[in-house]
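# Descriptive structure summary
This is what each chain is made of:
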Amino acid sequence: AQSVTQLDSHVSVSEGTPVLLRCNYSSSYSPSLFWYVQHPNKGLQLLLKYTSAATLVKGINGFEAEFKKSETSFHLTKPSAHMSDAAEYFCVVNNNAGNMLTFGGGTRLMVKP
Amino acid sequence: NAGVMQNPRHLVRRRGQEARLRCSPMKGHSHVYWYRQLPEEGLKFMVYLQKENIIDESGMPKERFSAEFPKEGPSILRIQQVVRGDSAAYFCASSPGNNQPQHFGDGTRLSIL
């Protein structure tokens, strides 16, 4: 079985400062990992995915994440926050069959002007 | 390219009524997934379907819930005799194949009076 833990339920940053959203996973196999973003009353948009290629994954809107097997982590970063980044972010792992996503509890990112 | 289309966006039902949620996958996608999001929580997997087949329904409640993906038309998630605890956002996702990134619709927000 697989699981995902997002270490912070809320993160607040000032516009223009770096963003770090933390995620740890547990899996008995080599997982596929994803970050999704959800804006209020909207569906989820895929930011980036890791599928055992390069450990540093670049996504949309300037986000990137680094897969660290030794730490079982997949933290999401962005060098400079923008007001439009304010949203809920979910770290997600795929099951071994590749057909079921397991979501973390989410991190709400707030960006102050 | 139309994305995953869900309707209705909002659905209000009284206790004991039936709720029918519809999902049209992205063009070219034959795999459909349903997830439920309770307030302040991440998404929880419910069911995975391909055309005319339920592949994995391990996340579906044992009673009152059913899903189908007919040969023609959208996928349907049906909830019979709704109760207050069924109030949630229900998201549909689709993918072109197994172990491919899932693309999400904007969800149906179900409210039970």
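To keep things clear, this report deals only with the structure shown in the data block. (Residues numbered from 1 in each chain as written. Chains lettered and ligands numbered in written order. Predicted model: local features only at pLDDT ≥ 70, side-chain atom pairs only at ≥ 80, totals over all residues. Heavy atoms only, no water.)

Our next topic: the pattern of salt bridges. Following the criterion strictly, the structure yields nine salt bridges over all chains and no others. The shortest N-O distance in the salt bridge between Arg108(A) and Glu88(A) comes to 3.0 Å. Pair noted here: Arg108(A) is in strand β12 (residues 107–112) and Glu88(A) is in strand β10 (residues 87–94), with a separation of 20 residues, a long-range link. Given the relative accessible area of 34%, Arg108(A) is considered partly exposed. When the shortest N-O distance is used, the salt bridge between Asp86(B) and Arg64(B) registers 2.8 Å. With Asp86(B) in the loop between β8 (75–79) and β9 (88–95) and Arg64(B) in the loop between β6 (53–56) and β7 (65–68), this residue pair connects regions lying 22 residues apart in the sequence. Since its relative accessible area comes to 2%, Asp86(B) is described here as buried. For Arg64(B), a relative accessible area of 26% puts it in the partly exposed group. Three or more residues joined by partner-sharing salt bridges are found here, namely Lys42(A), Arg9(B) and Asp106(B). (Salt bridge = Lys/Arg side-chain N within 4 Å of Asp/Glu carboxyl O. Helix = DSSP H or I, 4+ residues; strand = E, 2+ residues; numbered from the N terminus. Buried < 20%, exposed > 50% of the residue type's maximum accessible area, 1.4 Å probe, protein only.)

By a widely used convention, the size of an interface equals the accessible area lost when the partners come together. If you look at the interface, chain A gives 21 residues, while chain B gives 21 residues. Carbon and sulfur atoms supply 50% of the area that chain A and chain B bury against each other, a total of about 1,700 Å² over both sides. One can count one salt bridge joining chain A with chain B. Linking Asp106(B) and Lys42(A) is a salt bridge whose minimum nitrogen-to-oxygen distance equals 3.4 Å. (Contact = heavy atoms within 4.5 Å. Buried area = accessible area lost by both parts, 1.4 Å probe.)

As a further point, take the pairing of strand β4 (residues 31–37) of chain B. Residue and element names in this part refer to chain B. Of all the seven residues making up β4, seven are buried; the element is thus mostly covered by neighbouring parts of the structure. Burial along β4 is two-sided: His31, Tyr33, Tyr35 and Gln37 and Val32, Trp34 and Arg36, pointing in opposite directions, are all buried. With seven bridges connecting them, β4 and strand β5 (residues 43–50) associate as antiparallel partners. Counterpart to Val32 in the pairing with β5 is Leu49. The hairpin formed by β4 and β5 contains five residues between the paired strands, and Glu40 there has a positive phi angle of roughly 65 degrees. Here β4 pairs with β9 via seven bridges, running antiparallel. Among the inter-strand pairings, His31 is bridged to a residue of β9, identified as Ser95. (Pairing = 2+ DSSP bridges.)

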